[in-house]
Amino acid sequence: MKRLRLERWSGQLLSARTRPCCLRQWKQVEAFGNRRLQSSQAASKNNFEDLEADLTPNPNHPSPYPAAALRSAKLAALHARLSLPQKLPLQTLARTLVDPSADPSPDFNNASLALVGGPIMSYYVAEWLTCHYPRLPMTVLFAATYAYNGPPTLTRIGKEWGVETAAYPGSEVDPGLLQFNKVTPGSPLPSLGASTRPDNRDWFRRGISSRNVYDDEFGDQIKFPENASVSNPQPTETAYSNFVKAVVGSIYLHAGRNAAKAFVQDHILSRHLDISSLFRFQHPVRELARLCQREEFEYPVARILSETGRHSRHPVFVVGIFSGNEKLGEGAAPNLLEARLRASVVALKSWYMYSPGNSTRVPSETEEVGTKPWEPVHIDLGEIIH
């Protein structure tokens with residue numbers, strides 16, 4: 001397999017020592033160098049004045065100069081607060097805070113960085129969930145992925161980092177603020193146009209297989225807005241999620257794969273998620289019976305384990321689901337039917353939430369040289385379809 005040359009993708013993301021602090025400033029310096037001057041003293045004087053004048057806010061420039069990142073206290077505090085690698089310069093961190101709606105130039109916004117960081121984040125989340133919970137149904141897997149790295153979660157993470165939004169983008173804005181063109185209250189949302197699906201009929205059934213092929217990593221349908229433009233106003237949720245993705249992409253380009261993976265584990269996968277709350281069963285008793293039939297278990301039978309207050313206003317029945325002599329689950333409710341349903345749900349959750357343990361290896365751990373060869377993880381037959 002041919003190795004990708006990532007340095008070609010990020011030629012403009014060089015460190016401050018090897019890259020001019022500003023492309024606009026560099027163009028003006030080149031134009032200034034072509035002019036004839038009468039003396040070296042005048043040349044040095046004019047050169048200093050031109051550079052100082054170029055660093056002042058200019059209304060024609062939609063975003064702050066990269067050189068202004070070196071004088072931003074907010075940006076330096078954010079770099080230290082996140083414990084970012086020293087290889088990541090402040091100029092690149094300032095670029096992650098510039099949304100394409102604020103500066104449409106691809107050399108100064110975070111569109112390319114978010115395009116790199118988004119798939120990396122989704123990959124590490126997907127491999128962790130797949131290896132640690134191999135029996136999760138696809139709908140629950142989509143919901144768990146959305147809970148870990150969906151736009152609402154990334155927005156909350158960006159705000160927890162202490163990143164604030166600028167009132168309006170411009171060259172005079174502090175580089176440590178998130179800059180984007182906000183959607184005005186009351187404005188209509190953009191209408192959705194074409195989709196990646198070959199069949200756009202509304203009545204066409206969207207199954208799990210088609211969601212895996214045509215939809216995004218969250219199982220949501222991909223649609224492209226009509227008359228889309230990078231300068232269109234963006235919701236706050238979109239701007240924050242693109243910023244977090246851009247931070248991951250900048251770490252990957254400057255510090256490498258291991259640093260990006262450690263950052264995702266510390267800020268994304270370390271968050272607590274109650275996966276058991278994501279399940280929704282319509283017919284748990286029937287699904288449990290089909291599961292026992294597929295796995296060649298004995299037919300599940302409900303038995304009363306204990307009860308109290310049968311003839312009172314608030315009775316409590318504890319019912320257990322047994323397959324032979326093995327108890328699959330139990331549930332308590334004010335009536336026998338509800339207790340049986342709850343016991344069936346507990347049994348199904350205990351089956352689907354099987355985990356080999358926290359010591360389970362993921363495929364990305366075998367990418368380093370000299371590591372232990374990959375051992376395939378448990379592959380389940382899949383969820384029950386009835």
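Residues numbered from 1 in each chain as written. Predicted model: local features only at pLDDT ≥ 70, side-chain atom pairs only at ≥ 80, totals over all residues. Heavy atoms only, no water.

Participant: Can you explain the overall build of the protein? Please cite residues and give values.
Facilitator: The number of helices and strands found in the protein is 13 helices and five strands. In the protein, which comprises 386 residues, the proportion classed as buried is 38%. Considering only intrachain contacts with a sequence separation of at least 6, the fraction spanning at least 24 residues in the protein is 64%. On the protein, roughly 22,700 Å² of surface is accessible, and the fraction owed to carbon and sulfur atoms is 53%. (Helix = DSSP H or I, 4+ residues; strand = E, 2+ residues; numbered from the N terminus. Buried < 20%, exposed > 50% of the residue type's maximum accessible area, 1.4 Å probe, protein only. Contact = heavy atoms within 4.5 Å. Areas by Shrake-Rupley, 256 points an atom, 1.4 Å probe, with all protein chains shown as cover.)

Participant: Mind laying out the sheet that holds strand β4 (residues 316-323), listing which residues take part and the relevant values?
Facilitator: The three strands lie next to each other as β3-β4-β5, forming an open sheet whose pairing is antiparallel. The sheet is open, and its two borders are formed by β3 (301-308) and β5 (326-333), each paired with just one other strand. On average, each strand axis in the sheet is inclined to that of its neighbour by 25 degrees, with strand direction left out of account. The pairing of β3 with β4 spans seven bridges and is antiparallel. The residue of β4 that forms the bridge with E307 is F317. Strand contacts of helix α13 (residues 336-352): β3, β4 and β5, with the helix running at about 135 degrees to β5, the strand carrying the most contacts. (Pairing = 2+ DSSP bridges. Axes fitted to C-alpha atoms, helices over the stretch in contact; angles between N-to-C directions.)

Participant: Report on the packing of helix α6 (residues 111-132) against helix α11 (residues 257-269), specifying residues and quantitative values.
Facilitator: Axis separation between α6 and α11 bottoms out at 10 Å; the angle between their running directions is 65 degrees. It follows from the interaxial angle that α6 and α11 lie roughly perpendicular. The two elements α6 and α11 cross, and the hand of that crossing is right-handed. Here M121, Y124, V125, E127 and W128 of α6 come into contact with α11, specifically with R257, A260, K261, V264, I268 and L269. Counted by class, the contact of α6 with α11 contains eight nonpolar, no polar and three charged residues. (Parallel < 35°, antiparallel > 145°, perpendicular 65-115°, else oblique. Left-handed = near helix turned anticlockwise from the far one by under 90°. Nonpolar A, V, L, I, M, F, W, Y, C, P; charged D, E, K, R; others polar.)

Participant: Could you give an account of the nonpolar core, with specific residues and numbers?
Facilitator: Counting residues in each nonpolar core, the largest one holds 52 residues, and the members touching the most others are W161, V163, L178, F243, F263 and I268. When sequence neighbours within four positions are dropped, the list of residues in contact with L178 reads L97, V163, E164, T165, A166, A239, Y240 and F243. (Core = buried A, V, L, I, M, F, W, Y, C linked by side-chain atoms within 4.5 Å.)

Participant: I'd like a description of the environment of F142, backed by residues and values.
Facilitator: Looking at the element boundaries, F142 is found in helix α7 (residues 138-149). For F142, a relative accessible area of 8% corresponds to the buried category. Considered as a pair, F142 and E217 are 75 residues apart in the sequence and their alpha carbons are 7.2 Å apart. If near-sequence neighbours (up to four positions away) are discounted, F142 is found in contact with R211, N212, E217, F218 and G219.

Participant: Describe the pairing of β4, with residues and values.
Facilitator: The element β4 is largely enclosed, with a buried count of seven among its eight residues. Relative to β5, β4 runs antiparallel, the two being bridged by seven bridges. Its bridge partner lying in β5, V318 is registered against A332. Hairpin connection of β4 to β5: two residues between the antiparallel strands, including G324 at a positive phi of 75 degrees.

Participant: Outline the packing of aromatic side chains, listing residues and values.
Facilitator: Applying the stated criterion to the full structure yields 10 aromatic pairs. For the ring pair W161 and F243, a centre distance of 5.9 Å and an interplane angle of 80 degrees mean the geometry is edge-to-face. You can see W161 sitting in the loop between α8 (151-160) and β1 (192-195) and its partner F243 sitting in helix α10 (residues 236-255), a full 82 residues away along the chain. Of the aromatic side chains, those joined through ring pairs into one cluster are W128, Y133 and Y148. In this arrangement the basic side chain of R135 is found over the ring face of W351, its NZ or CZ atom lying 3.6 Å from the centre. Just above the ring of F322 sits the side chain of R303; from NZ or CZ to the centre is 4.8 Å. (Phe/Tyr/Trp six-rings, centres within 6.5 Å; stacked < 30°, edge-to-face > 60°. Lys NZ or Arg CZ within 6 Å of the ring centre and 35° of its normal.)

Participant: Break down the side chain of S344 for me, with residues and values.
Facilitator: Along the chain, the position of S344 falls in helix α13. For S344, a relative accessible area of 1% gives the class buried. Look past the residues within four positions of S344 in its chain and what remains in contact with it is P284, V285, L288 and I321.

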